[in-house]
Amino acid sequence: MPADRKTPTLIYDGECGFCRQAVELIRRWDREQVLRFVPFQDGAAVARFGIGLPALAAAMHLVLPDGRVYAGADAAPEVLRLMPGKRWLAPLFRVPGVLPLARRVYAWIAARRHCLVRGAPPR
């Protein structure tokens, strides 16, 4: 599937069980199918976004149609804004201290993501 710059795209680690579970949760929230989901291992699909492989391997990336890119915990409030039933959660990230804490938690999980969920084979 070619990269569609008109659709918000969430790029994630398709070989990570934790990441796939997070994407499945977001898919359930995305009843209007606002987001496009692309594993970073799909080189042809992600090449058009111009994000380096080391960055893609380190964190999920949300690429918006206007070209803005949010990585890791910074993508979370933007994803929530796109979900009609979850928009009310996005402003919580503006509470002082919440985003820095979310970044630390995200970094901790990202560093351990391959050992947090076992037995979930890649699709």
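In the block above lies the structure referred to throughout.
Residues numbered from 1 in each chain as written. Predicted model: local features only at pLDDT ≥ 70, side-chain atom pairs only at ≥ 80, totals over all residues. Heavy atoms only, no water.

Draft legend 1. Representation of the pattern of salt bridges. A full pass over the atoms with the stated rule returns 4 salt bridges. Here D74 ties to R103 by a salt bridge, and the two come within 2.6 Å at their closest N and O atoms. Note that D74 is positioned in the loop between β4 (69–71) and α4 (75–82) and R103 in helix α5 (residues 98–116), a separation of 29 residues in sequence. A salt bridge links R81 to E78, with the nearest nitrogen and oxygen atoms 2.7 Å apart. In this pair, R81 and E78 both sit in helix α4, 3 residues apart, roughly one turn of the helix. (Salt bridge = Lys/Arg side-chain N within 4 Å of Asp/Glu carboxyl O. Helix = DSSP H or I, 4+ residues; strand = E, 2+ residues; numbered from the N terminus.)

Draft legend 2. Here's a closer look at the environment of L35. Position of L35 relative to the elements: it lies in the loop between α1 (17–29) and β2 (36–39). In this structure the C-alpha to C-alpha distance between L35 and T7, which are 28 residues apart in sequence, comes to 6.5 Å. For L35, the residues in contact, after removing those within four places along its chain, are T7, P8, T9, I26, D30, L62, V79, L82 and M83. (Contact = heavy atoms within 4.5 Å.)

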